[in-house]
There are 2 protein chains.
Amino acid sequence: MTAEARPASPPLTERQEARRRRILHASAQLAGRGGFEAVQMREVAEEAGVALGTLYRYFPSKIHLLVATMQDQLQHMHTTLHKRPPAGQDPAQRVADTLMRAFRALQREPHLADAMVRALTFADRSVSPEVDTVSRITTAIILDAMGLEHPTPEQLSAVRVIEHTWHSALITWLSGRASIAQVKIDIDTVCRLIDVTKPSDTA
Amino acid sequence: MTAEARPASPPLTERQEARRRRILHASAQLAGRGGFEAVQMREVAEEAGVALGTLYRYFPSKIHLLVATMQDQLQHMHTTLHKRPPAGQDPAQRVADTLMRAFRALQREPHLADAMVRALTFADRSVSPEVDTVSRITTAIILDAMGLEHPTPEQLSAVRVIEHTWHSALITWLSGRASIAQVKIDIDTVCRLIDVTKPSDTA
DNA sequence: ATCCAGTCTGAAACTTGTTCTAGATTAGCG
DNA sequence: CGCTAATCTAGAACAAGTTTCAGACTGGAT
C-alpha cells in the first residue's frame, strides 16, 4: 500500500542503485551539517565518488536531489510509524502526536530539516511529480494516524490543510520566526479540523 | 495601526526614495513576466537605471528584494480592502471572502505571485525581519476581516494556521499540483477554525 | 570474444547571484 | 564657494548551480 518512489522507467542495475544510495547518503550527510547551502553539487558528487555529470543524470537539479532525499527520509519515518503507531484515543490526538513525533525527529537534525523543507517549498513545476510523491507519503501517514480507509472529500481537504500547516509551520520554525511551543500549538489547533469534519458533522 | 515597513535608520533623501521605488517597480515588472527566475539582479538594476552595487545596497539579496516587493503589494491590497471591506455575515465567511479576493488578484499576475511567494517561503534567517513584516500585514488583514480587536491566544493560533494554509496552498497552486477549486475548498475548510475557536467555545 | 549503445568520468565553460574596487557624484556643512 | 564623507557607477572578479564534450568503461546481444 505504500507509495513506491522508484520510477519504473529503466530498472537500475546494482551498481547504479548503489550509486544512487551513495548520492542520497552524501546529500543527507552534507545537509546534516550546514543545511541547504551546504549541499553543494560538486561536494555531493565528490563525497559520493561520482562525476558531477553523473550526479546530474541521477538528479537533474539540486532541488530534485533534496526532494528525493526527503522522500527517502519520509519513507523511513513511515515504516517506523507502522511499527509503533500513535497511541491516542481520538483521531485528532493521534495525528497531532504523530506530527509532533516527526517534529521531534526533525529537531534532532535541524540542518537536514532546513535543506529538505526549503527545497520542497521552493520546488517549481519541473519537480512536481517528485513533490507530489512526498505529499502522497505525508498524506498516507496522516490518514494512517486517523485510522481512515475511505476519507470523505471534506476529510481530504482537512488533511491537506494539516499538511499545509505542517510545512509552513516548519518553515517559520526553521527561520527562527516561531518557537517550538508555537508550532506545537498550531499543530494542535489545525488538528481540530479532524473533529469538525467528521462525516456525522456535515453541518 | 498599520505596520509601517520603512526602517527608520537613515531617512532617505528624495532621490533615494525615487531609486527605491524604481527598483521595486522594476522588480515587480520583471516578476510579472517570467516569475522568480526572470527577476535577475543585473536586469533589475538596468531597468531601474541603477548600478548593480547600488541595487545591493538597497536590497542585500534577491530574496530581500522580492520580499520587499511583496510587502509593497500587500500594503496596496490592505488599503484597498479598507475601502471595500468583505461583506459576509459571520467572521469565517468574511475571512474566506477576503482570501479569495486576494487569490483572484494573484491569479491575474501568476508570475508575480510565483516570485513573491517563492521568495517568501525560501527566505532564511537573514530575512526574518522582513518576512515578519509581511506576516504582520497578513495577520492584520485577517484580523480586520474577522472584525477582532483583542483576539485570544487561541484565535491567534487559528489565524496563524490560516496564514500557513494560505501560503502553502498558494505554493501548491503555483507549482501546478492543486487546482484553483481545491485552493478555494481548503481555504473554506481552514476558515472553519474561526468558528471552532470562538471564545464561548473553549471546549 | 567482439561489438554496440548506453553510461560514467574529468574538465572546461556558461549563467546568475554576490562581492569588491577605483573613481565620479552628491549632500550637507563651514 | 570649497571640503569631506557618504553614495553611486562601471566593471571586474568570484561562487555555486548547470551544461557540455571528448574519451574511457560497462553490460548485454550476437
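Residues numbered from 1 in each chain as written. Chains lettered and ligands numbered in written order. Predicted model: local features only at pLDDT ≥ 70, side-chain atom pairs only at ≥ 80, totals over all residues. Heavy atoms only, no water.

S.K.: Just checking my understanding: could you explain the interface of chain B and chain A for this structure?
M.R.: One widely used convention gives an interface's size as the accessible area the parts lose upon coming together. Counting from both sides, the interface comprises 35 residues of chain B and, opposite them, 35 residues of chain A. Carbon and sulfur atoms make up 53% of the area that chain B and chain A hide from each other, which totals about 3,300 Å². For the interface between chain B and chain A, the tally reads 18 residue pairs in polar contact (both at pLDDT 80 or more). Breaking the side of chain B that touches chain A down by element, the ones donating at least two residues are helix 2 (35–38), helix 7 (110–122), helix 8 (128–146), helix 9 (153–174) and helix 10 (180–196) of chain B. Broken down by class, the residue content of the side of chain B that touches chain A amounts to 13 nonpolar, 12 polar and 10 charged. (Contact = heavy atoms within 4.5 Å. Buried area = accessible area lost by both parts, 1.4 Å probe. Polar contact = N/O pair within 3.5 Å; in protein donor to acceptor, adjacent residues only side chain to side chain. Helix = DSSP H or I, 4+ residues; strand = E, 2+ residues; numbered from the N terminus. Nonpolar A, V, L, I, M, F, W, Y, C, P; charged D, E, K, R; others polar.)

S.K.: Would you explain the UniProt feature "DNA-binding region" (unreviewed entry) in chain A in this entry?
M.R.: According to UniProt, the feature "DNA-binding region" (unreviewed entry) maps to residues 40–59 of chain A in the numbering used here. Annotated as 75% helix and 0% strand, the span residues 40–59 of chain A places its first and last C-alpha atoms 13 Å apart. (UniProt positions renumbered as here; feature names shortened; annotations may be inferred.)

S.K.: Before we go on, may I ask you to explain the packing of helix 9 (residues 153–174) of chain A against helix 9 of chain B in this structure?
M.R.: To characterise two packed helices, one gives the angle between the axes of the helices and the distance between these axes. It is the contact of helix 9 of chain A with helix 9 of chain B, at a shortest axis distance of 8 Å, that shows an interaxial angle of 100 degrees. By the angle between their axes, helix 9 of chain A is roughly perpendicular relative to helix 9 of chain B. Between helix 9 of chain A and helix 9 of chain B, the residues in contact are Val161, His164, Thr165, Ser168, Ala169 and Thr172 of chain A and Val161, His164, Thr165, Ser168, Ala169 and Thr172 of chain B, respectively. Considering only residue class, the contact of helix 9 of chain A with helix 9 of chain B consists of four nonpolar, eight polar and no charged. (Axes fitted to C-alpha atoms, helices over the stretch in contact; angles between N-to-C directions. Parallel < 35°, antiparallel > 145°, perpendicular 65-115°, else oblique.)

S.K.: Would you take a moment to explain the protein's contact with DNA strand D for this structure?
M.R.: The environment of DNA strand D is made up of 18 residues, and the closest members are Arg42 and Lys62 of chain A together with Arg19, Thr54 and Tyr58 of chain B. A share of 62% is what sugar and phosphate atoms reach among the atoms of DNA strand D within 4 Å of the protein. Lysine 62 of chain A places a main-chain nitrogen or oxygen 2.9 Å from a phosphate oxygen of DNA strand D. Here a phosphate oxygen of DNA strand D and a side-chain polar atom of threonine 54 of chain B are 2.6 Å apart. For the surface near DNA strand D, the leading source of residues is helix 4 (residues 52–58) of chain B, giving three residues. The residue inventory of the surface near DNA strand D, partitioned by class, reads seven nonpolar, five polar and six charged. (Near = heavy atom within 4 Å.)

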